[in-house]
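# Summary of the model geometry
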Protein chains: 2
Amino acid sequence: MAKHEGKGGDKGSGNGSGNGPTGLRALLRVPPGRGPVALKAYTPASTPGGPPDKAAALAGEPASRERLVDLQTRLFAQSTAGDPRCVLLVLQGMDTSGKGGTLKHVTAGMNPSGVRVKAFKAPTEEEREHPFLWRVRRALPGPGEIGVFDRSHYEDVLIARVRDLVPRDVWTGRYDVINNFEQSLADDGVSVVKIFLHISYEKQRERLLARLDDPDKHWKFDSGDIEERALWPAYQRAYEAALERCSTDAAPWYVVPADHKWYRNWAVRTLLLEHLELIDPKYPVADFDVERSRARLLAT
Amino acid sequence: MAKHEGKGGDKGSGNGSGNGPTGLRALLRVPPGRGPVALKAYTPASTPGGPPDKAAALAGEPASRERLVDLQTRLFAQSTAGDPRCVLLVLQGMDTSGKGGTLKHVTAGMNPSGVRVKAFKAPTEEEREHPFLWRVRRALPGPGEIGVFDRSHYEDVLIARVRDLVPRDVWTGRYDVINNFEQSLADDGVSVVKIFLHISYEKQRERLLARLDDPDKHWKFDSGDIEERALWPAYQRAYEAALERCSTDAAPWYVVPADHKWYRNWAVRTLLLEHLELIDPKYPVADFDVERSRARLLAT
């Protein structure tokens, strides 16, 4: 594991410099610069590196969560002493891939003051008047925070591409813009962790039908979801392009098979844990005289 | 209990019109317009209306939390159909009164996308250039959200008054400004729930000493905390003035005895629950043809 190296951000990418990633990161990362990505080569119902089954995943959860919450507290604590580092978890995936559920799972038990959640919807009129990264910059986590994006600037090379929301030469230029942006975040001490929740076409049908079966879930259903589903192949191609062009050492993409919720939760939690362990945040040392403070307090 | 009355905000105050509050609200509320408040009359170690002991409080927690999370989900769901209502929980109290711990406790298990947490620190230079409510307006919860303030605009009649940060005639004018502001929030469908976490002078000493005893908690300690503590009587008077002048039907103040963490958590969770039950949020009814959507999906 990389050691805390002062207050710079040069470990912001979460990758030990020179060495490749280890652990689950190595297994799920889209290797940067390796050319075309074929999602057909990834099986949404697979469980790479995971526990043998759901029961085992649940059994290991409390200890893992305790460690995660401890690391979040330390990250928050060290920012109070001036350390700028923070984490940005980006969740992308087709409808019903479980972005909301994953978000809820990984942040459970954390100190809410140190968590910054942002769900990106269709841009507002004001947002459309600005460059596409404008609204993203405004939602970035600050020092010590864990930011979680439910959708992100990647929609600007996903739905924007599939639905022709902007001309082809506009979205084709965005991959480089995104890479530069994410490199600048890493330079500033932001560990950018990008997750593609990969579900199958069949699993999506099953989950959409389940929403229709439960009146309490009708509010989550939008008839537009069926039209989006009809564009499945185009979306898969758009994701492949984003994974190929924007998985970098500074901000790697991970493909998380997401047909099994228990594996998805385990995998995202584990990836976040591994990135936090690379940061290795530390409680700041007291910058005051502890004994003198104690004496003063006891005199009150 | 008040019934959902369409999508207006006239129940935003969380008080049944004409009838006084019931439940724990009745017990802990500072009655509006009753003149001077004496904090000495409230016992920080008391447990009014609470379970008999900590074990009983913990035993009842899961069911209460389940209900709270269900209500939060409904509140969020109904906002997707245009209902503007939301909740703003304001937490105030002396250092170590447990604002952060309470915040973490009441939001646990909630969907983080529907929770908006804001911790107010000493105002930045930019914030000081604006009226004192400016930064507060920017942090308000949106429709369907539960906002939680860790400190708030009340600091502008607390530390600002005790520390003479502004002239007397400035802070004396702020009580009415705050009341008008909170009335306007209630008019817009915001249920404003203001909690004063009331601890004893002795309990604060004990908790500050505990921070000094644990090196992992030194980052939470500030030598300035001891200077603030020296101003305890002035802060109590400032709180009494805020409770007296700003407990209104539109936005009541509650005094929660907070020497016992288990009672404090139970009481704030229960007050939030009661206010949500007054809103009585409902899942929106489907605005699409469920059977037709099912048939279309099955054809894909």
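The text that follows walks through the structure, step by step, so that each part is easy to find. Owing to the predicted nature of the structure, the values given are computational and were not obtained by experimental measurement.

### Considerations on the overall build of chain A
Looking only at helices and strands, one finds 12 helices and five strands in chain A. For 300 residues, the compact-globule formula gives about 19 Å, and the C-alpha radius of gyration of chain A, at 20 Å, lands near that figure. With respect to the three principal axes, the spread of C-alpha positions in chain A is 70 × 45 × 40 Å. Among the 300 residues that make up chain A, the fraction classed as buried is 55%. Pairs at least 24 residues apart make up 82% of the contacts formed inside chain A by residues separated by at least 6 positions. Total accessible area computed for chain A in this model is approximately 12,900 Å², and 51% of it derives from carbon and sulfur atoms. Computing the positive centroid from 43 side-chain charges and the negative centroid from 41, chain A places the two 2 Å apart.

### Focus: the nonpolar core
Counting residues in hydrophobic clusters, the biggest one holds 73 residues, and the most contacted among them are Ile195 and Val256 of chain B. Considering every element that reaches this core, the biggest residue donor is helix α11 (residues 261-279) of chain B, with 10 residues. When sequence neighbours within four positions are dropped, the list of residues in contact with Val256 of chain B reads Leu28, Ile195, Phe196, Leu197, His198, Tyr263, Arg264, Ala267, Val268 and Leu271 of chain B. Formed by 71 residues, the second largest nonpolar core is a distinct cluster that contains Phe149, Tyr175, Ile195 and Ala251 of chain A.

### Considerations on helix α2 (residues 54-79) of chain A
Spanning 26 residues, α2 of chain A covers 36 Å between terminal C-alpha atoms, matching the ideal 38 Å at 1.5 Å per step. The largest bend along α2 of chain A reaches roughly 40 degrees and is located at Glu61 of chain A, with the proline Pro62 of chain A sitting one to four residues downstream. Looking only at α2 of chain A, the buried set comprises Ala57, Glu61, Ser64, Arg65, Leu68, Val69, Leu71, Gln72, Leu75, Ala77, Gln78 and Ser79 of chain A. The inward-facing, buried residues of α2 of chain A abut β1 (86-93), α3 (99-107), β2 (115-119), β3 (146-150) and α11 (261-279) of chain A together with α3 (99-107) of chain B.

### Things to note about the packing of aromatic side chains
Applying the stated criterion across every chain, the model contains 16 aromatic pairs over all chains. Between Tyr154 of chain B and Trp253 of chain B, the ring centres sit 4.8 Å apart and the planes meet at 70 degrees, which makes this aromatic pair edge-to-face. Of this pair, Tyr154 of chain B sits in the loop between β3 (146-150) and α6 (159-162) while Trp253 of chain B sits in strand β5 (residues 253-257); the two residues are 99 residues apart in sequence, bridging distant segments of the chain. Neither residue differs from the other here; Tyr154 of chain B and Trp253 of chain B are each classed as buried. Seen in terms of ring centroids, Tyr263 of chain B and Trp266 of chain B are 5.7 Å apart; in terms of plane orientation they differ by 40 degrees. Their pairing is tilted. Placement of the pair is Tyr263 of chain B and Trp266 of chain B together in helix α11, with a separation of three residues, close to one helical turn. With a relative accessible area of 0%, Tyr263 of chain B lands in the buried category. Pairwise contacts between aromatic rings join Trp262, Tyr263 and Trp266 of chain A into one cluster. Positioned over the ring face of Phe120 of chain B is Lys118 of chain B, at 5.6 Å from the centre of the ring.

### A few points about the relation of the copies chain A and chain B
Superposition record for chain A on chain B: RMSD 0.0 Å, screw rotation 180 degrees, translation along axis 0.0 Å. In the structure described here, the two chain copies are related by an operation that fits a two-fold rotation axis. Closest approach to the rotation axis among the C-alpha atoms of chain A is made by Ala108 of chain A, whose C-alpha sits 3.4 Å away.

### Describing the state of the cysteines
All chains considered together, the criterion is met by zero disulfides over all chains. With no disulfide of its own, Cys246 of chain A has Cys86 of chain A as its nearest cysteine by sulfur position, at a separation of 20 Å.

### Let's talk about unusual backbone geometry
Phi is positive for Asp280 of chain A, which is not a glycine, with a value near 50 degrees. The topology assignment puts Asp280 of chain A in the loop between α11 and α12 (290-298).

### Describing the sheet that holds β1 of chain A
Residue and element names in this part refer to chain A. The five strands are arranged β2-β3-β1-β4-β5 in an open sheet whose pairing can be described as parallel. The sheet is open, and its two edges are formed by β2 and β5 (253-257), each paired on a single side. Averaged over all neighbouring strand pairs, the angle between strand axes comes to 20 degrees, with direction disregarded.

### Notes on the interface of chain A and chain B
Every contact between the two is made by 40 residues of chain A and, on the other side, 40 residues of chain B. Between chain A and chain B the total buried area reaches about 3,700 Å² when both faces are included, carbon and sulfur atoms providing 67% of it. Asp213 of chain A is the salt-bridge partner of Arg294 of chain B, the closest N and O atoms lying 2.3 Å from each other. Applying the counting rule to chain A against chain B returns 10 residue pairs in polar contact (both at pLDDT 80 or more). The set of elements that each furnish at least two residues to the side of chain A that touches chain B consists of α2, α3, α8 (201-213), α9 (224-230) and α12 of chain A. Grouping the amino acids of the side of chain A that touches chain B by side-chain chemistry returns 21 nonpolar, 10 polar and nine charged.

### Points about the sheet that holds strand β2 (residues 115-119) of chain B
Residues and elements named next belong to chain B. Strand order in the open sheet formed by five strands is β2-β3-β1-β4-β5, with parallel pairing between adjacent strands. Two strands close off the open sheet at either side, each with one partner strand: β2 and β5. Ignoring which end each strand starts from, the neighbouring axes of this sheet average 20 degrees apart. Judged from the five bridges that link them, strand β1 (residues 86-93) and β3 form a sheet pairing that is parallel. When the sheet's bridge partners are listed, Leu88 is paired in β3 with Gly147. Across the face of the sheet, α3 comes into contact with β1, β2, β3 and β4 (190-198) while running at roughly 155 degrees to β1.

### Quick word on the pattern of salt bridges
Counted according to the given criterion, the structure contains 38 salt bridges over all chains. Note that Arg85 of chain A is salt-bridged to Asp83 of chain A, the shortest N-O span being 3.1 Å. The class for Arg85 of chain A is buried, based on a relative accessible area of 3%. Judged by relative accessible area, which is 1%, Asp83 of chain A ranks as buried. The partner of Glu61 of chain B in a salt bridge is Arg65 of chain B, and the shortest N-O contact between them spans 3.0 Å. In this pair, Glu61 of chain B and Arg65 of chain B both sit in helix α2 (residues 54-79), four residues apart, roughly one turn of the helix. Pair check on accessibility: Glu61 of chain B and Arg65 of chain B agree, each one buried. If you follow the salt bridges from partner to partner, you end up with Arg67, Asp70, Arg74 and Glu277 of chain A in one network.

Definitions and cut-offs
Residues numbered from 1 in each chain as written. Chains lettered and ligands numbered in written order. Predicted model: local features only at pLDDT ≥ 70, side-chain atom pairs only at ≥ 80, totals over all residues. Heavy atoms only, no water. Helix = DSSP H or I, 4+ residues; strand = E, 2+ residues; numbered from the N terminus. Rg over C-alpha atoms; globule rule 2.2 N^0.38 Å. Buried < 20%, exposed > 50% of the residue type's maximum accessible area, 1.4 Å probe, protein only. Contact = heavy atoms within 4.5 Å. Areas by Shrake-Rupley, 256 points an atom, 1.4 Å probe, with all protein chains shown as cover. Lys, Arg positive; Asp, Glu negative; His and termini not counted. Charge placed at Lys NZ, Arg CZ, Asp CG, Glu CD. Core = buried A, V, L, I, M, F, W, Y, C linked by side-chain atoms within 4.5 Å. Expected span 1.5 Å × (residues − 1). Bend = angle between axes of the 7 residues up to and from the residue. Phe/Tyr/Trp six-rings, centres within 6.5 Å; stacked < 30°, edge-to-face > 60°. Lys NZ or Arg CZ within 6 Å of the ring centre and 35° of its normal. Least-squares fit on C-alpha atoms with pLDDT ≥ 70 in both. Disulfide = S-S within 2.5 Å. Pairing = 2+ DSSP bridges. Axes fitted to C-alpha atoms, helices over the stretch in contact; angles between N-to-C directions. Buried area = accessible area lost by both parts, 1.4 Å probe. Salt bridge = Lys/Arg side-chain N within 4 Å of Asp/Glu carboxyl O. Polar contact = N/O pair within 3.5 Å; in protein donor to acceptor, adjacent residues only side chain to side chain. Nonpolar A, V, L, I, M, F, W, Y, C, P; charged D, E, K, R; others polar.

The analysis is restricted to geometry; functional conclusions fall outside its scope.
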